[in-house]
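# Topology and contacts: notes
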Amino acid sequence: MAVSTEPREARQRPATDAAAERLRLERQDPAELFAALQSTPAGLAAAEAAARLGRYGPNAVDDQRTSLLLQFLGYFWGPIPWMIEIAAALSAVIRHWPDLIIILVLLGFNALVGFWEEYQAGNAIAQLKKSLALKARARRDGAWQEIDARDLVPGDVVRLRLGAIIPADVKLFDGDYLSVDQSALTGESLPVDKKIGNLAYSGSVAKQGTMLGLVVATGMRTFFGQTARLVSEARHVSHFQKAVIAIGRYLIHFSLALIALLVAVELIRGERIFTIVEFALVLAVASIPVALPAVLSVTMAVGALVLSRMKAIVSHLDSIEEMAGMDVLCSDKTGTLTQNRLTLGEPACIEGVTPQELILAATLASPADDRDAIDAAVAAGLADPAAARGYVQKKFVPFDPVRKRTEAELAGPDGRDFQVAKGAPQVILDMAAPGLEERRRIERQVEGFAARGDRTLGVARRDGGAAWRFLGLLPLADPPRADAAETIAQARAHGLAVKMVTGDNVAIGRQIGAQIGLGGNILAADALATDSGGDALDPASVRKVEAADGFAQVFPAHKFAIVKALQAAGHLVGMTGDGVNDAPALKQADMGIAVSGATDAARAAADLVLTAPGLDVIIRAVEEARRIFERMNAYAIYRITETIRITLFVVLSILIYDFYPITTVLIILLALLNDLPIMTIAYDNAWLSPAPVRWRMRRVLTVASTLGLIGVIETFGLLIIALRFFDFSQGQIQSLIFLKLSVAGHLTLFVARTRQRVFQPPYPARVLLLAILGTQAIAALIVGLGLFVAAVPWADVGAVWIYCLVWMLIEDEAKMLVYRFLEPAGTGKPGPGTKGQERKIVT
């Protein structure tokens, strides 16, 4: 038997064996393969398909996952865990058993938190990828069904049509032709025409035509086994993540430089080397952003899950940053700005043709099944639905964005053959070639329909070998969505310019634009001129694109040029699309958005996939993306502030006073108490920027440095008060400094988390507030009860709280002054000396 039917355990083969098998499959006749796979053109029974799924396994790439145990153990390996482990070993050598116990607790805590957050983030991504799973049209139990592509098995019969990603390796056995883009698999730059008897490979894209195929290989047995990877998470680091990692490197260098200075001075003073190194290592661990990877992953993953509940699924986590900074959205008209619910208006027939004859001809120019919204609206206009049953469709050529028409060859009830076509009026008029006067009259009718916002179809017929004859026009109305005007107003309030993109003519675009408050400056896309190279728009056209409210008569190539023009003008551009030919524009856009009902090819190319229609879904997604960005921004400011506050204070106080203001155990406890609630920042109520947000490193460093230096002054103030005005022991002073650093650190988080005043909305989320109050209660109990530390009277614990609250108000005022200098109030725009920083990332 030529076809391989081994179960999943035997699916791995050398490349030469796989190539030989593909050659055998290509040479075999479809009838032989049906017999070998014990299948028929009617497909498999559901029970048989289920049995084969158990035998062959899912139609997906084998998932190479690291075991959970190895993932967990990985958190004990790396520069930061090594530093903690060395500190633990030194504690054991010098027999500081309390230090050893608490250091080991810190090590285990960091490992558990990191592992759990990575596990949660991994589950979130898996859930999102499941939502984006490819679908396939398979014939089961004699009926066409839509199933998950991963459930396909050898022997299944599938239908392949325009825009579909071929879900498995299939042998084509029925249909006229299929044009397939397999460049991602073979490197061929042009689509390849397939016919009966050819193989179509998993992962390639159907560009034109419709055919039926027999599944001959699934999963790892396919040409490249890439089906399950067509929609995947991003494998590159986003600009924002690069910026935060750059902050992490800066903090590490800053901390290690100060600590090296400390070690050198203490060695000169004659301190024991083990004690110095242990303290230095623990101080480095407390200063370095240990929680950085976990905070990044959990914040992005939690945000992605929130977006999915809004019917907006991100296929790349780092695309959230691009969405937050997007300032221009090129939106499809149909289904996004309009209802995508077509209704047939009053037909305009030529002389001698009745409205029902015109509607019947248009209905016959539709596929026999799987009709789209236009086909269904036309067929609904038949007074007698049975009128089309006496005709036999012998051949059908589906619509594609280039030809802009459908054609069908039929045999009538009288046995005579004829052809019918429907499509864009200008295309049908070119086919029928009526007289000049007749054409002008028809074009005036098209303009009249367009003036009231109707989409128009032209219909033509050809009998035998005669010329095409124009029959008339069918107006189809797709009214604006009820919320379109309000949503566009909201977008503008958020600093997001919306530009309509439609394949309809300029008159329809202007009518819809006026109805939804978008504006009437609608350009014909084919009127835009390219530069001398021919690949991009010339400077004059770029300026027109930037000023336009929308674009009409748009082909997929125009979308790509429009995106590039707007990007050349300095914009972060979002582009919506639904068709296979939209994929290049979706890839080129900073934020490619596949609208509800998009083809598999468009969904695979997009950064954001919508599962509900309407522009409001995108606007709500943009709002949430900006909140996610603000949470990350708040974490960056907080992390820099804390490193400056702790490291600079500790090192300077030792150098100046020759006094350790905090012990090794207290530093470890401080790191534990600081890291625990910071994870909940992913759930915080974030400030919503009125304008697109982009990474401004200068602003972050300025705000964080200001708060950090104030924190150093604040802590030195408490140290001086304790040394000069109170009779505290050294241990009690260390306890007070620990409590102050713990309380002030989390109060600083309240300051850093918003650009408003600390007591103004948005208020902290309950989970963040409870986490901080809980950890501060623990810190107060440790100091008040003397757990691991010297006890401090409760009155002094309260005094430290009051002291920190007063300084929080000072920090808050300083923050507002910095923001007021950097950004004029309420504008979200850079202030003096910050021009050009919005897009720049310091690494």
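Residue positions are counted from 1 within each chain, in the order its sequence is given. With pLDDT at 70 or above as the cut-off, local features in this predicted model cover only qualifying residues; side-chain atom pairs require 80 or more to be listed or tallied, and sums for whole chains, interfaces and linings still use all residues. Excluding hydrogens and water, the side-chain figures rest on all heavy atoms present in the structure.

## Structural notes on the overall build of the protein
Put simply, the rule is: Strands here mean DSSP runs of E at least two residues long; helices mean DSSP runs of H or I at least four residues long; both are numbered from the N terminus. We call two residues in contact when some of their heavy atoms are within 4.5 Å. All accessible areas in this document rest on Shrake-Rupley with a 1.4 Å probe, and a residue is counted as covered only by the protein chains that are shown.
In terms of regular secondary structure, the protein is built from 27 helices and 22 strands. In the protein, the proportion of contacts linking residues at least 24 apart, taken out of those at least 6 apart, comes to 73%. When the accessible surface of the protein is summed, it comes to about 35000 Å², and 59% of that surface belongs to carbon and sulfur atoms.

## A short note on helix α17 (residues 506-515)
Let me state the cut-off plainly: Note on classification: 1.4 Å probe, protein chains only; a residue is buried when its accessible area is under 20% of the maximum for its type, exposed when over 50%, partly exposed between these limits. The directions from the helix axis to the C-beta atoms form the arc being described.
Within the sequence span of α17, burial applies to V506, I508, G509, I512 and G513. For α17, the angular spread of the buried residues around the axis is 160 degrees, confining them to a single face. At its buried positions, α17 is contacted by α15 (436-451), β15 (454-463), β17 (497-501), β18 (522-524) and β19 (550-552). Once α17 ends, the next one or two residues include G517, with phi positive near 75 degrees.

## Focus on the sheet that holds strand β21 (residues 591-594)
Put simply, the rule is: Here, strands pair whenever DSSP counts at least two bridges between them. An axis is simply a line fitted to the C-alpha atoms; with a helix, the fit covers only the stretch in contact. Between two such axes, the angle follows the N-to-C directions and lies from 0 to 180 degrees.
Within the open sheet, the 8 strands sit side by side as β8-β22-β21-β20-β9-β17-β19-β18. Their pairing is mixed. Both outer strands of the open sheet, β8 (312-314) and β18, are each paired with one neighbouring strand and no more. Going across the sheet, the axis of each strand differs from the next one's by a mean of 20 degrees, ignoring polarity. Here α17 sits on the sheet in contact with β17, β18 and β19, set at roughly 165 degrees to β18. Strands in contact with helix α18 (residues 539-547) are β17, β18 and β19; relative to β17, the strand with the most contacts, it is inclined by about 105 degrees.

## What about the pattern of salt bridges?
The test is simple: In the sections that follow, a salt bridge refers to a side-chain nitrogen of Lys or Arg positioned within 4 Å of a carboxyl oxygen of Asp or Glu.
Under the criterion given, the structure shown has 27 salt bridges. A salt bridge links R269 to D658; the shortest N-O distance between them is 3.0 Å. Of this pair, R269 sits in helix α8 (residues 239-269) while D658 sits in the loop between α22 (615-657) and α23 (664-678), placing them 389 residues apart in sequence. A residue is classified by how much of its surface remains accessible, and D658, at 48% relative accessible area, is partly exposed. The partner of E624 in a salt bridge is R627, and the shortest N-O contact between them spans 3.7 Å.

## Comments concerning helix α25 (residues 730-752)
Convention followed: Multiplying one less than the number of residues by 1.5 Å gives the expected span of a helix.
End to end, α25 covers 32 Å across 23 residues, agreeing with the expected 33 Å (1.5 Å per residue, within 8%). For α25, the tally of buried residues reaches 21 of 23 residues, placing the bulk of the element in the interior.

## Concerning the side chain of H494
Note the threshold: Under the rule applied, a polar contact is a pair of N or O atoms within 3.5 Å (in protein, one hydrogen donor and one hydrogen acceptor; residues adjacent in sequence only if both atoms are side-chain atoms).
Following the sequence through the fold, H494 ends up in the loop between α16 (484-493) and β17. A relative accessible area of 14% places H494 in the buried class. There is a polar contact of 2.6 Å between the side chain of H494 and the side chain of E623. Ignoring sequence-local partners within four residues, the contact set of H494 consists of I619, E623, R626, L688, P690, A691 and P692.

## Concerning the confidence of the model for the protein
As a reminder, the rule being used: Each residue carries a pLDDT score, the predictor's own confidence in it, on a scale running from 0 to 100.
Of the residues in the protein, 84% reach a pLDDT of 70 or more, and the chain-wide mean stands at 82. Counted against residues more than four places away or in other chains, residues 226-237, with its pLDDT under 50, gives 29 contacts. When the criterion is pLDDT under 50, residues 825-843 qualifies, and its contacts beyond four places in sequence or with other chains add up to 38 contacts.

## Here's the deal with the nonpolar core
Rule in force here: Think of a nonpolar core as a cluster: buried Ala, Val, Leu, Ile, Met, Phe, Trp, Tyr and Cys residues, connected wherever their side-chain atoms sit within 4.5 Å.
Ranked by internal contacts, the top residues of the largest apolar core, which has 131 residues, are L283, M323, L608 and F738. Ignoring any residue separated from it by four or fewer positions in sequence, one finds F738 in contact with I662, L666, L669, L670, L673, A779, I782 and V783. One finds I350, L364, I374 and V446 within the second-largest nonpolar core, a separate group that totals 37 residues.

## Digging into the packing of helix α14 (residues 425-432) against α15
To keep things clear, this is the line we draw: Our angle categories are set so that under 35 degrees counts as roughly parallel, over 145 as roughly antiparallel, 65 to 115 as roughly perpendicular, and the remainder as oblique. Note: crossing handedness is left-handed where the near helix turns anticlockwise from the far helix by less than a right angle, and right-handed where it turns clockwise.
The interhelical angle for the contact between α14 and α15, taken along N-to-C directions, is 165 degrees, at an axis separation of 11 Å. If you check the angle between α14 and α15, you find them roughly antiparallel. Regarding α14 and α15, the two cross each other, and that crossing is right-handed. For the pair α14 and α15, contact is made by P425, Q426, L429 and D430 and by R439, I442, E443 and V446, respectively.

## Quick notes on the pairing of strand β3 (residues 157-161)
Every other side chain in a regular strand lies on the same face of the sheet, so the side chains alternate between the two faces. Most of β3 is tucked away: 4 of the 5 residues are buried. As paired strands, strand β1 (residues 135-140) and β3 are joined by 3 bridges and run antiparallel to one another. Bridge pairing in β3 places R139 opposite V157. Both β3 and strand β7 (residues 205-217) contribute to a ladder of 5 bridges, which runs antiparallel. Directly across from V158, in β7, lies its bridge partner G213.

## Quick word on a nonpolar patch on the surface
Rules: Two joining distances apply to patches: 9 Å for like charges and 5 Å for nonpolar side chains (Val, Leu, Ile, Met, Phe, Trp, Tyr), and every residue must have over 30% relative accessible area and no salt bridge.
Taken together, the side chains of V93, L267, I273, F274 and V277 present a nonpolar region at the surface, about 410 Å² in accessible area. At 3 residues, the largest contribution of residues to the nonpolar patch is made by helix α9 (residues 273-287). Mapped onto the elements of the fold, F274 is located in helix α9.

## Let's talk about the packing of aromatic side chains
Short version of the rule: In this scheme Phe, Tyr and Trp rings, the latter by its six-membered ring, pair at centre separations within 6.5 Å, and the angle between planes marks the pair as stacked below 30 degrees, edge-to-face above 60, and tilted otherwise. Definition used: whenever NZ (Lys) or CZ (Arg) falls within 6 Å of the ring centre and also within 35 degrees of the ring normal, the charge is taken to sit over that ring.
Applying the stated criterion across every chain yields a total of 6 aromatic pairs. A centroid spacing of 5.9 Å and a plane angle of 85 degrees characterise the contact between Y391 and F418, whose relative ring orientation is edge-to-face. One end of the pair, Y391, is in the loop between α13 (373-379) and β12 (392-397); the other, F418, is in strand β14 (residues 417-423), and 27 residues separate them in sequence. Pairing F726 with F728 gives two aromatic rings, centres 5.5 Å apart and planes at 25 degrees, and the pair type is stacked. Take F726: its relative accessible area is 44%, and that puts it in the partly exposed class. When the ring centre of W144 is taken as reference, the NZ or CZ atom of R159 above it lies at 4.3 Å. Here the guanidinium or amino end of R461 rests over the ring plane of F418, the centre of that ring lying 3.9 Å away.

## Remarks on the pairing of β1
In the sheet, β1 pairs with strand β2 (residues 143-148) via 6 bridges, with the strands oriented antiparallel. Note on β2: the bridge partner recorded for R140 is A143. In this antiparallel pair of consecutive strands, β1 and β2, the connection spans 2 residues, and D141 shows a positive phi of 55 degrees.

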